Structures are given as C-alpha cells and as structure tokens.
Amino acid sequence: MNPYTKLISYLSLLLGTTITISSNHWMMAWTGLEINTLAIIPLISKSHHPRAVEATIKYFLVQAAASTLMLFSSMTNAWFTGQWDITQLTHPTSCLLLTAAIAMKLGLVPFHFWFPEVLQGSPMTTALLLSTMMKFPPITILFMTSHTLNSTLLTILAITSAALGGWMGLNQTQIRKILAFSSISHLGWMTIIIIYNPKLTLLTFYLYSLMTITVFLTLNTTKTLKLTTMMTSWTKAPMLNATLMLTLLSLAGLPPLTGFLPKWLIIQELTKQEMTTTATAIAMLSLLGLFFYLRLAYYSTITLPPSPTNHMKQWYSYKPTSPQVAILTSLSTTLLPLSPVILATT
C-alpha cells in the first residue's frame, strides 16, 4: 500500500474520530462517522484478497445502513422537538432508532453478524483499529444520549451480547474471530452500565482497549493468526508468549489483573441499583468468555508443540520486542492496585 495513502487514511481516521467526539450537533457527529467509515475501507481491502474485499463490502453496507438510521433518528427528533443538539434526544421513536443504529455501529447483538467476518478478512493492524478506535465515536454518542435511552432495551441488548459473545467464541479456531466475539461480550458489559454510570462505561472501554491493543500487537509480532500456529509460537518468543498469557487472563477479568477492575465496579454498581439478578446473570455469562481465554492462554504457553509437526513451518526472523508492547503489557496486568487513583481521576 502506498505510504501516502496509508498516511491519509490514518489522518482521516483521527479527524473523523475527533469531529464526532467533540461535536454537539447531529450533522457534525454524522459527518465524523462517515469520514471514519471511508477512511478505514482502504485499510481493510489493501491485501486485495477476495476475503478482504468481501469484508470491505460487508463493513461498508452495515455502516452505511447504521449512519442512515442515525440520521433518520436525529431528523425525526428535530422534526418533533426542533432540537439538533445530541443531548436533547427526547422523542421515543428517535431514541429507539438511535439505539438500533449505535448497536449496528458497535456490533451488539442482534446486529453483530458483520463484525467477526470483517475482522477475519482484515489485516491484524486494521482488526486492531476496528476493535478499539472505531468503537470510540459510537460509544461517545451513546454516552451523550444515555440519559434519554430505554434502560430495559439496553439491558436486553447487553445481556444477549455477553451471552452470545461468550457462546459463539467457544468453538472458534481463528484468533481474530475469537477476539471479535470477545469484543461483543465486552460491549455487553459497557452497555449494561451506561444508563446508571456512564463514566464507568468509558473507563471499561479504555481498559478494554488497552488490553486488546496489547493482545493484537503481541500476535502481530509473532505472526499468529490461528490456534495451530499459536502452539508453535512459544519457541519464537517465550517471554512474549508468557506475557500474552497474562494479558489474556486480564482480558478475561481474573483478579489481581487489570481486567478485574471494570467487572468488579460494574457488578458493584448494578448491585447498588438493586439489579442483583442482572449482575448475577452477566457475571455467570462471563464464565463462557473465561473458557476461551483460558484456551488461548493454554495454547500460547502451556502446550508445547509435538516434535513431528503436521503443518508447514513458517519462516521466522527474530525481531526484538518493541518497547510499546512491553509498556502496554505492564499496564494490562498491573493496574488493579492503582484503582483508587484511576477512580479519583474519572
């Protein structure tokens, strides 16, 4: 891919995200989302593989439909109330349409079908952007409109996303698909709490992004795409794989790692809101995700490959681990003791 094209795409991504998260007017937010969609398309399709082209078309159609729904929602609200301000979304039909549009943008159940397929057809770095940065503008819009949205509908979407994200990830062998279902499951945790404590949703998103970026960069360093190649990556970079295991367990939400903090706070907040049944249900559903994270950790570190391998060995030239991966891994595993400081700053 031409470096100038790549630079323009990345700068457009930054511009689109900045426009959306800093705007108060619906048209500006929609413009930022459209810039984002158009900027990521060359990055998804740059390999020119049929799977990448298919992923690009799926992504474009879904995002175009979601943007149209969002525009329709804001126009309906402006028609009935005369308000174009994002925080003044008060009309019930507009709230319903916006919830559907944001669910499509994020990949929440039942609008999740496109996300694993698009991630599987994308290069690893583009999959990283789709899982983290591209989720930020829709979550910001959800954050700004959370006080007017239907709490029952959001709770149903969240519970089904946590359930399906864990359930569908159980039998996957492609790592990008596993991380896609992991993303859907985490989005369920973020959505369930946004009505009651929106700042906690943002904190959960930041920590999820931190851990996901670490996992993607580690896998990109070892050139691991499937569970079978993950088994043999131990011999390439033993220390990197050991830290990958810790990051995966942190993503699963096990104490005393960083990923335990958002789940602990969300369950605590749901209990305060007298939603003990919901808190119990989503905590039990996270066990499904824990299973496939443990399986990934097992494949990456605990399983040594047999001597006679059945598949072709990949050519590998040793590259030293970048300092970014080292710093991100440290943050992904050791932030729990700093939770009072983190909560004070948010």
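What counts and how
- Residues numbered from 1 in each chain as written.
- Predicted model: local features only at pLDDT ≥ 70, side-chain atom pairs only at ≥ 80, totals over all residues.
- Heavy atoms only, no water.
- UniProt positions renumbered as here; feature names shortened; annotations may be inferred.
- Helix = DSSP H or I, 4+ residues; strand = E, 2+ residues; numbered from the N terminus.
- Buried < 20%, exposed > 50% of the residue type's maximum accessible area, 1.4 Å probe, protein only.
- Contact = heavy atoms within 4.5 Å.
- Phe/Tyr/Trp six-rings, centres within 6.5 Å; stacked < 30°, edge-to-face > 60°.
- Lys NZ or Arg CZ within 6 Å of the ring centre and 35° of its normal.
- Core = buried A, V, L, I, M, F, W, Y, C linked by side-chain atoms within 4.5 Å.
- Domains from an automatic or database assignment.
- Buried area = accessible area lost by both parts, 1.4 Å probe.
- Salt bridge = Lys/Arg side-chain N within 4 Å of Asp/Glu carboxyl O.
- Polar contact = N/O pair within 3.5 Å; in protein donor to acceptor, adjacent residues only side chain to side chain.
- Nonpolar A, V, L, I, M, F, W, Y, C, P; charged D, E, K, R; others polar.
- Patch = residues over 30% accessible without salt bridge, like charges linked within 9 Å, V, L, I, M, F, W, Y side chains within 5 Å.
- Areas by Shrake-Rupley, 256 points an atom, 1.4 Å probe, with all protein chains shown as cover.

Draft legend 1. Spotlight on the UniProt feature "transmembrane region" (unreviewed entry) in the protein. UniProt tags residues 7–23, 57–76, 96–115, 152–171, 178–196, 202–219, 240–261 and 281–304 as "transmembrane region" (unreviewed entry). Strand forms 0% of residues 7–23 and helix 94%; the C-alpha atoms that close the span are 24 Å apart. Helix makes up 100% of residues 57–76 and strand 0%, whereas the separation of the span's terminal C-alpha atoms amounts to 28 Å.

Draft legend 2. Examining the environment of methionine 1 more closely. Considering the arrangement of structural elements, one finds methionine 1 in the segment before helix H1 (3–22). We classify methionine 1 as partly exposed; its relative accessible area is 44%. For the pair methionine 1 and threonine 201, spaced 200 residues apart in sequence, the C-alpha to C-alpha distance is 36 Å. Those residues in contact with methionine 1 that lie beyond four places of it in its chain are Lys6, Ser9, Pro42, Leu43 and Lys46.

Draft legend 3. Structural view of the packing of aromatic side chains. Within this structure, the stated rule accounts for eight aromatic pairs. Members of the aromatic cluster, joined through ring pairs, are Tyr59, Trp114 and Phe115. Over the face of the ring belonging to phenylalanine 115 we find lysine 135, whose NZ or CZ atom lies 3.6 Å from the ring centre.

Draft legend 4. Summary view of the nonpolar core. By size, the foremost hydrophobic cluster in this structure holds 90 residues, and its most contacted members are Ile40 and Leu130. When we break this core down by domain, the ones giving at least three residues each are domain 1 (1–124) and domain 2 (150–306 + 321–345).

Draft legend 5. How the structure looks around the domain arrangement of the protein. Here the protein is described as being made up of domain 1 (1–124) and domain 2 (150–306 + 321–345). Here the C-alpha centroids of domain 1 and domain 2 sit 24 Å apart. If you look at the interface, domain 1 gives 18 residues, while domain 2 gives 22 residues. Across the domain 1 to domain 2 interface the summed buried area is about 1,700 Å²; carbon plus sulfur atoms make up 73%. The tally of links between domain 1 and domain 2 comes to one salt bridge. Among the salt bridges present, the one from glutamate 117 reaches lysine 177, with a minimum N-O distance of 3.4 Å. Linking domain 1 with domain 2 are five residue pairs in polar contact (both at pLDDT 80 or more). Element by element, the count of residues in the side of domain 1 that touches domain 2 is highest for helix H5 (residues 114–121), at five residues. Among the residues making up the side of domain 1 that touches domain 2, the classes are represented as 11 nonpolar, five polar and two charged.

Draft legend 6. Region of the structure containing a nonpolar patch on the surface. A cluster of nonpolar residues, Leu38, Val53, Ile57, Phe60 and Leu61, forms a patch on the protein surface that exposes about 470 Å² of accessible area. Element by element, the count of residues in the nonpolar patch is highest for helix H3 (residues 50–81), at four residues. Tracing the sequence through the fold places valine 53 in helix H3. Residue valine 53 is classed as partly exposed on the basis of its relative accessible area of 38%.

Draft legend 7. Just the environment of serine 300, in detail. With respect to the helices and strands, the residue serine 300 is situated in helix H14 (residues 276–302). Each C-alpha atom, one on serine 300 and one on glycine 82, is 56 Å from the other, the two residues being 218 residues apart in sequence. Residues within four places of serine 300 in sequence aside, it is in contact with Met230, Trp234, Asn241, Leu244 and Met245.

Draft legend 8. Structural context of unusual backbone geometry. The step from valine 109 to proline 110 runs through a cis peptide bond, and the omega angle for that step is 10°. Within the fold, proline 110 resides in the loop between helix H4 (92–106) and H5. The omega torsion of the bond from proline 255 to proline 256 falls at 5°, within 30 degrees of zero and hence cis. Looking at the element boundaries, proline 256 is found in the loop between helix H12 (238–252) and helix H13 (260–272). A positive phi angle, near 60°, is found at glutamate 274, a position not held by glycine. Residue position: glutamate 274 is located in the loop between H13 and H14.

Draft legend 9. Seen up close, the pattern of salt bridges. Applying the stated rule across the entire model yields four salt bridges. With a closest N to O distance of 2.8 Å, lysine 58 and glutamate 54 form a salt bridge. Remark: glutamate 54 and lysine 58 occur in helix H3; sequence separation between them is four residues, near one turn of the helix. We classify glutamate 54 as partly exposed; its relative accessible area is 39%. Note that glutamate 117 is salt-bridged to lysine 58, the shortest N-O span being 3.9 Å. On the criterion of sequence distance, the pair formed by glutamate 117 in helix H5 and lysine 58 in helix H3 is long-range, its members being 59 residues apart.

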